[in-house]
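Overview (structure and organization)
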Amino acid sequence: MRIFNGLTLGAGLLATIVSIPAHAEDAAKVAAIVKGLDNPFFQTMQKGIEEQAKADGVGVTVQAAANMGDATGQADRLTAMALQDFDCYLVNPISVSNLVQALVPVAQKKKPIVNIDSTIDAEQAKAAGFAVSTYIGTDNVAAGALAGEEMLKLVPKGGKVALVAGIVGDVGSNARIKGFKQAVEGKLEVVVMVSADWDREKALTAATDILAAHPDLAGFFAANDIMALGVERAVQTSGKDVKVIGLDGIVDALKSVAAGELSATVAQYPYVVGAMGVEACKAAVKGKQLPAYVPAPVLLINKDNAEASLKNFPRPGGEYPDPLREMLK
Amino acid sequence: MSAVSPSSASDAIIACDGLSKHFGGVRAFTDVAFQARRGEVTAVIGDNGAGKSTLIRCLVGVHVPDAGSIVFDGREHPFSNPDGARKAGIETVHQNLALIDELTVAQNLFLNRELVRRIGPFAFLDRKAMKREARSMLSRLSINVPSINQRVRRLSGGQRQAISICRAVGSGAKLVVMDEPTAALGVQETANVEALIRRLREQSVSVILVSHNFDQVRRLSDQIWVMRAGKMAATVRASETSGNELVALVTGAA
Amino acid sequence: MSNPTNNAPAAHSAGAPEESRPSLSALLLDPSFWADWASVVGLVGLVIIFGIAQPVFLSVANLQALLLASAILVVLSIGQTFVVATSGIDLSLAAAVMFGAIVLGLVNAAGYGILIACVLAVLATSAIGFLNGLIITVGKIPDFVVTLGTLSAITGLGLILSGGEPTMVGSTFLLKLASGSFGPFGYPVWVAISAVIVAHIALYHTRFGVHLLATGGQTESAGALGIRTNRVKIAAYTISGFCAGIAAILLVARIGSAEPLINTSLLLNSVAAVVLGGVSLFGGRASILGPAIGALMLTALVNGLTLLSVSAFYQPLAVGAIVVLAALIMRYQK
Ligand SMILES: Nc1ncnc2c1ncn2[C@@H]1O[C@H](COP(=O)(O)OP(=O)(O)OP(=O)(O)O)[C@@H](O)[C@H]1O
Ligand SMILES: [Mg+2]
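Residues numbered from 1 in each chain as written. Chains lettered and ligands numbered in written order. Predicted model: local features only at pLDDT ≥ 70, side-chain atom pairs only at ≥ 80, totals over all residues. Heavy atoms only, no water.

**Considering the overall build of chain C**
Keep this limit in mind: For the purposes of this entry, the term helix denotes a DSSP run of H or I that reaches at least four residues, the term strand denotes a run of E that reaches at least two, and both are numbered from the N terminus. C-alpha atoms define the radius of gyration, and 2.2 Å times the number of residues to the power 0.38 defines the globule rule. For each residue, the accessible area found with a 1.4 Å probe, counting protein chains only, is set against the maximum for its type, and the residue is called buried under 20%, exposed over 50%, and partly exposed in between. Two residues qualify as a contact provided that any one of their heavy atoms is within 4.5 Å of a heavy atom in the partner residue. Surface accessibility follows the Shrake-Rupley procedure with a 1.4 Å probe radius. Residue values consider only the protein chains on display as shielding. As used throughout, the charge tally considers Lys and Arg to be positive and Asp and Glu to be negative, leaving His and the chain termini uncounted. One atom stands in for each charge, and that atom is NZ of Lys, CZ of Arg, CG of Asp or CD of Glu.
In terms of regular secondary structure, chain C is built from 16 helices and 4 strands. Since a compact globule built from 334 residues should have a radius of gyration of about 20 Å, the 22 Å found for chain C is in line with a globular shape. Each of the three principal axes of chain C carries a C-alpha extent, and together these read 70 × 55 × 35 Å. Going through the 334 residues of chain C one by one, you find that 57% of them count as buried. For chain C, contacts bridging at least 24 residues in sequence account for 77% of all contacts bridging at least 6. Carbon and sulfur atoms form 73% of the exposed surface of chain C, whose accessible area is close to 13300 Å². Separation between the mean location of the 11 positive side-chain charges and that of the 9 negative ones in chain C comes to 6 Å.

**Notes on the overall build of chain A**
Within chain A, the secondary structure is distributed over 13 helices and 12 strands. For chain A, the C-alpha radius of gyration of 22 Å lies close to 20 Å, the compact-globule estimate for 329 residues. Seen along its three principal axes, the alpha-carbon backbone of chain A occupies a region of about 60 × 55 × 40 Å. The buried share among the 329 residues of chain A stands at 55%. Put simply, 73% of the contacts in chain A that link residues at least 6 apart link residues at least 24 apart. Positive and negative side-chain charges in chain A, numbering 31 and 36 respectively, have mean positions lying 2 Å apart.

**Considering the domain arrangement of chain A**
Defined as follows: These domain limits were set by an automatic method or by a database of domain assignments.
The domain boundaries assigned to chain A delineate domain 1 (24–138 + 270–296) and domain 2 (140–268). For domain 1 of chain A versus domain 2 of chain A, the distance between C-alpha centres works out to 31 Å.

**Comments concerning the interface of chain C and chain A**
The line we're drawing: In short, buried area is how much 1.4 Å probe accessible area vanishes from two parts on joining, totalled over both. Just to be clear on terms, a salt bridge is a Lys or Arg side-chain nitrogen sitting within 4 Å of an Asp or Glu carboxyl oxygen. Think of a polar contact as two N or O atoms within 3.5 Å of one another; within protein, one of them needs to be a possible hydrogen donor and the other a possible acceptor, and neighboring residues in sequence only count if both atoms come from side chains. We call Asp, Glu, Lys and Arg charged. Ala, Val, Leu, Ile, Met, Phe, Trp, Tyr, Cys and Pro are nonpolar, and the rest, Gly among them, are polar.
Listed per partner, the contact involves 48 residues of chain C and 43 residues of chain A. Interface area, chain C with chain A, both sides summed: about 3800 Å², of which 64% is carbon and sulfur. The interface formed by chain C and chain A contains 1 salt bridge. Viewed at the interface, chain A and chain C are joined by 11 residue pairs in polar contact (both at pLDDT 80 or more). Among the elements of the structure, helix H2 (24–29), helix H4 (38–53), helix H5 (60–85), helix H9 (172–179), helix H13 (229–255), helix H14 (264–276), helix H15 (289–307) and helix H16 (314–330) of chain C are those that each provide at least two residues to the side of chain C that touches chain A. Counted by class, the side of chain C that touches chain A contains 31 nonpolar, 14 polar and 3 charged residues.

**Description of the coordination of the magnesium ion (ligand 2)**
Each donor-metal-donor angle in an ideal tetrahedron of four donors is 109.5 degrees, and each such angle in an ideal octahedron of six donors is either 90 or 180 degrees. Residues and elements named next belong to chain B. For the record, the criterion: Each metal site lists N, O and S donors within 2.8 Å (3.2 Å for Na, K and Ca). With water left out of the atoms, a site can look as if it is missing ligands.
Here the magnesium ion (ligand 2) is held by the protein donor atoms Ser-53 (OG) and Gln-95 (OE1), which lie 1.9 to 2.1 Å from it. Of this pair, Ser-53 sits in helix H1 (residues 52–59) while Gln-95 sits in the loop between strand S6 (90–93) and helix H3 (105–109), and the two are 42 residues apart along the sequence. Gln-95 sits in the partly exposed class, given a relative accessible area of 42%.

**Points about the site of ligand 1**
Residues and elements named next belong to chain B. This is how the line gets drawn: It suffices for a single heavy atom of a residue to lie within 4 Å of a molecule or strand for the residue to be listed as near it.
Around ligand 1, the surrounding shell holds 14 residues, and the nearest of these are Gly-49, Lys-52, Ser-53, Thr-54 and Gln-95. Within the side chain of Thr-54, a nitrogen or oxygen atom sits 2.5 Å from an oxygen atom of ligand 1. Within the contact set of ligand 1, an oxygen atom lies 2.9 Å away from a side-chain nitrogen or oxygen of His-212. Here ligand 1 loses 64% of its free accessible area of 630 Å² to cover by the protein chains. Those elements that place two or more of their residues in the shell around ligand 1 are strand S2 (26–37) and H1. It is H1 that contributes the most residues to the shell around ligand 1, 3 residues altogether. Here the residues of the shell around ligand 1 are counted per class, giving 4 nonpolar, 7 polar and 3 charged.

**So, the sheet that holds strand S11 (residues 293–295) of chain A**
All names here are of chain A. Basically, it comes down to this: Strand pairing requires that DSSP identify at least two bridges connecting the strands. Helix axes are fitted only over the stretch in contact, all axes being lines through C-alpha atoms; the angle between N-to-C directions runs from 0 to 180 degrees.
The strand order S2-S1-S3-S4-S5-S11 describes an open sheet built from 6 strands, whose pairing is parallel. Of all the strands in the sheet, the pair left with one neighbour each is strand S2 (59–64) and S11. Shown here is a sheet whose adjacent strand axes are inclined to one another by a mean of 20°, direction ignored. In this sheet, strand S3 (residues 88–91) lies alongside strand S1 (residues 29–34) in parallel orientation, the contact comprising 4 bridges.

**Details of the sheet that holds S2 of chain B**
All names here are of chain B. As summarised here, the arrangement of the 4 strands in space is S2-S1-S4-S5, forming an open sheet in which the pairing is antiparallel. Of all strands in the sheet, those with a lone pairing partner are S2 and strand S5 (75–76), marking the two edges. By the bridge criterion, 5 bridges tie strand S1 (residues 12–23) to strand S4 (residues 67–72) in an arrangement that is antiparallel. Bridge pairing in S4 places Ala-15 opposite Val-71. On the sheet, H1 packs against S1, S2 and S4 and is oriented at approximately 120° with respect to S1.

**Digging into the interface of chain C and chain B**
Taken residue by residue, the interface counts 33 residues in chain C and 40 residues in chain B. Here chain C meets chain B over a buried area of about 3300 Å², counting both sides, of which 55% is carbon and sulfur. Counting every contact that joins chain C to chain B gives 4 salt bridges. Inspection of the chain C/chain B interface yields 9 residue pairs in polar contact (both at pLDDT 80 or more). Looking at the side of chain C that touches chain B, the elements with two or more residues in it are helix H1 (8–19), helix H10 (187–205), helix H11 (207–217) and helix H12 (219–224) of chain C.

**Comments concerning the pairing of S6 of chain B**
Residues and elements named next belong to chain B. Going residue by residue along S6, you find Ile-90 and Thr-92 tucked away on one face and Glu-91 and Val-93 tucked away on the opposite face as well. Pairing between S6 and strand S9 (residues 175–179): 4 bridges, direction parallel. Counted as the bridge partner of Val-93 is Met-178 from S9.

**Regarding the packing of aromatic side chains**
Going by this rule: Here a Phe, Tyr or Trp ring, Trp counted by its six-membered ring, pairs with any other such ring whose centre lies within 6.5 Å, and the pair is stacked when the planes are under 30 degrees apart, edge-to-face when over 60, and tilted otherwise. We count a charge as sitting over a ring when the NZ of a lysine or the CZ of an arginine lies within 6 Å of the ring centre and within 35 degrees of the ring normal.
Tallied over the entire structure, the rule returns 11 aromatic pairs over all chains. Ring plane angle 15° and centroid distance 5.7 Å describe the contact between Tyr-135 of chain A and Tyr-293 of chain A, whose orientation is recorded as stacked. Here the residue Tyr-135 of chain A occupies a position in strand S5 (residues 134–137), and Tyr-293 of chain A occupies one in strand S11, the gap between them amounting to 158 residues. Tyr-135 of chain A gets classed as buried once you look at its relative accessible area, which sits at 14%. Members of the aromatic cluster, connected to one another through ring pairs, are Phe-182, Phe-185 and Trp-190 of chain C. Here the basic side chain of Lys-29 of chain A rests over the ring of Phe-86 of chain A, its NZ or CZ set 5.8 Å away from the ring centre.

**Digging into the pattern of salt bridges**
Pairs may arise between side chains of opposite charge once their charged atoms sit close together. On inspection of all chains with the given rule, the structure shows 30 salt bridges over all chains. Its salt-bridge partner being Asp-70 of chain A, residue Arg-77 of chain A comes within 3.5 Å of it at the nearest N-O pair. Among the residues examined, Asp-70 of chain A registers a relative accessible area of 5% and is labelled buried. In this structure, Glu-40 of chain B engages Arg-37 of chain B in a salt bridge whose closest nitrogen and oxygen atoms are separated by 3.8 Å. For Glu-40 of chain B, a relative accessible area of 12% corresponds to the buried category. By relative accessible area, Arg-37 of chain B is classed as partly exposed at 31%.

**Some points on the arrangement of the chains**
Looking across the 2 pairs of chains in contact, one finds the most contacts between chains A and C. A gap remains between chain A and chain B, which never touch, and the nearest two C-alpha atoms on either side lie 24 Å apart.

**Things to note about a nonpolar patch on the surface**
Residue and element names in this part refer to chain C. Cut-off, in case you're wondering: A patch is a set of surface residues, each over 30% in relative accessible area and not in a salt bridge, joined within 9 Å for like charges and within 5 Å for the nonpolar side chains Val, Leu, Ile, Met, Phe, Trp and Tyr.
Together, Phe-130, Leu-131, Leu-134, Ile-135, Val-138, Ile-141, Phe-144, Val-145 and Leu-148 line one region of the surface with nonpolar side chains, adding up to about 770 Å² of accessible area. Only helix H7 (114–138) and helix H8 (143–162) provide two or more residues apiece to the nonpolar patch. Looking at the nonpolar patch, the element that brings in the most residues is H7, giving 5 residues. Looking at the element boundaries, Leu-131 is found in helix H7.

**Points about the state of the cysteines**
What counts is decided by this rule: Two cysteine sulfurs form what is called a disulfide whenever their separation falls within 2.5 Å.
Scanning the entire structure with this criterion turns up 1 disulfide over all chains. The residue that forms a disulfide with Cys-88 of chain A is Cys-281 of chain A, at a sulfur-sulfur distance of 1.9 Å. Here the S-S torsion is close to -70°, and the disulfide linking Cys-88 of chain A with Cys-281 of chain A is therefore left-handed. Taken together, the residues Cys-88 of chain A in strand S3 and Cys-281 of chain A in helix H11 (residues 270–285) connect sequence positions 193 residues apart. Of the two residues, Cys-88 of chain A and Cys-281 of chain A, neither departs from the other in class, the shared state being buried. Not engaged in a disulfide, the cysteine Cys-243 of chain C finds its nearest cysteine sulfur in Cys-118 of chain C; these two sulfurs lie 15 Å apart.

**A closer look at the nonpolar core**
The condition is simple: Think of a nonpolar core as a cluster: buried Ala, Val, Leu, Ile, Met, Phe, Trp, Tyr and Cys residues, connected wherever their side-chain atoms sit within 4.5 Å.
Core analysis: the largest hydrophobic core is formed by 142 residues, its most contacted members being Leu-109, Leu-138 and Met-178 of chain B together with Leu-104 and Leu-174 of chain C. Among all residues touching Met-178 of chain B, those that are not within four sequence positions of it are Val-93, Ile-165, Val-169, Ile-197, Leu-200, Ile-208, Leu-209 and Val-210 of chain B. One finds Leu-211, Ala-228, Ile-245 and Val-272 of chain A within the second-largest nonpolar core, a separate group that totals 81 residues.

If you want it as structure tokens, here you go:
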């Protein structure tokens, strides 16, 4: 009976891939759910969570949505984890509301909820009868502004710049673009803004068109590194000297900056966001009062510090403020 | 004798005039006049590709002819689709049998003529009644199938043909059209179908029969129409013709 | 036709074999039995494996959560089933859900009542389905192309209407719908159960159902018998759109907002559930219970793997393996 073979095979497969998280008897157990692992950003975040948990002697289980659009799938997974006996829930929601209902049973069990990276809408959480213990994340507006300030140094006053945004309406993309615009307001001329869906190839195509339309363009700002690398390729092909700044600080971008291709990137540290999340959980389980908002570090990377950043990746190139670590001491 | 006689439509159950049908560049037939008398068995013969099936399919509403007129039971433009034709009282055994492989024998027998029970505004299939009816339809024609709940896909070619014939004759139609109904049948089954056609004639049901078997055609039919290369070439009374003459008419050697 | 008195013995011979049922062991040895019941067997197998490996899986709370989580997919799989039964496919299903959600959110945000918003959402998605069917049948364009086109077009329309921004829907009605329950099941589960019952009746107990299968099996033959195959196909796509609308309401209720995000896994899983449910992709063969259980099985798979702390990387692999396995078993279908 083929089906039985299939089932036993399935069971065997399951047994081999199920890794029971190792942790000490009385150590805190953390359930973490992040966005889709189809993106290096969240893979790095997962790494930060897992390594910090190991270092702190905390047990952790990391789950993720099937992809960045799988809002309900993420909620389903959290619902399943909420049934299990975890001490703290570390959540990075796909949207501001998709995890709200799944968190209700968590709140009822009075387990701390640590919100990282993307926010949960406070109003909806309140309506559902809970509040998150803390939010740890990078300020995208500030990161965009850092990129804008760097652009001001790189191109002459009044120079023309083009903006490449992510998926239309993405909150993170909007905030980054907003920060950049605020920083260059009145000092540079933004000639065009396009949306390239976080996609390298789309960004390349768009940048090629923009370069053709604006021969005197001085700079590009792309809302993430993947798109910045696509733009940089277009700039290289055109043979022009146009500055390109990205945002995220992924390895490829750091290498590109070190090689003198990308002018700069603003590094965020998903690794640190994940790690700080674990620290926050540990502190919360110990009964510590957490600050409502803990900013995660952002750092401008240009030719001067790209090598150092690469060496330390995915950790920041240098020290960074971490109030949670202080709290655990 | 071999000239096509113009119709005096009053005694015709169905008649057409100036009928043409093209498929893109392919000319199936042009300017065809044809009629079938009420209560008679009317045969249509002709070589492969002569246009017989297409003519039939135009008459029963499957194809819309490019030109020409059709009169059924005294009504002009009687229907514009197969549903209309069936409602008007024409049942057809198509050359491809028009069976749905994945449906059961009973479902095929009642396809688009399902028995329903009404509950308020809703109509639900009366599956029991249909199965009961299906059994009696099959038994009346001594058709043997393993089960009426059997999917048609698993039936033999002859069984499939029998189901299609059973569907056409089982519902009290005024005109039964059969496109090569005995093509896949054995000797015994062919004899059964021929007996069935005679019985229909006794009950004064009109029949149109397409066949390549000239003996069968002469045995069964009253009037024979001959198609050749998309034209209606001739029509003869079955009683006044011979097998050799039919061969000559079909091949155009006459 | 002539001598009805004569029919009793023959009728018996025609109907006799169906009454004799094959023995249980013969049934269990017949590969086509397993093929017909693939989704049930799969679900039972998963429940046993997960139940042993992680007892929480069988807890009442988890089973309730599992059913709740599967409601949206069940409803979508039903819609997809109707289309696949006509030997078509609706690739715009997930996009239609997104569009319905956005219509719901915007109408609600514009100050109309939530019921009006829900009705308009369902009307909008049904219209999308109707259009799909109309273009496919009247335009004689392959379903694949048309629904791929609508997928893109309504994605764009959704983005334009919403400005790319999510809309909060803070309706207490929807909150109750999502979190309330009647008897052992949450309301969304009841919605899914009702959908299954209505669809099952429509498929097996109405003329439309037979005509749908006939159209999917052999369109030309069905047409020759007077079935309006174009209308049947349009109806199937409209039903699919309608289901997308119901799913959109459940989705907005569940996540509390209408978002211009397309969940591609919903589309893929709806097709997978249909395949698991033993529905032939070539049309003509369908069931409602099969795909519904297929949807349940896919949800149980994710739920169980999550409870077992299996990394998200392995989950799509497991889903893929199961679907391909099911397709292989399906080759033995009767
Ligand atoms: N649906 C169609 N599309 C295109 N061409 C068609 C179609 N149906 C029939 N034809 C063409 O019309 C012509 C007549 O075909 P038809 O089937 O009427 O012949 P026939 O006399 O029934 O032949 P046979 O004895 O082999 O059944 C043929 O050349 C055929 O190729
Ligand atoms: Mg023919």
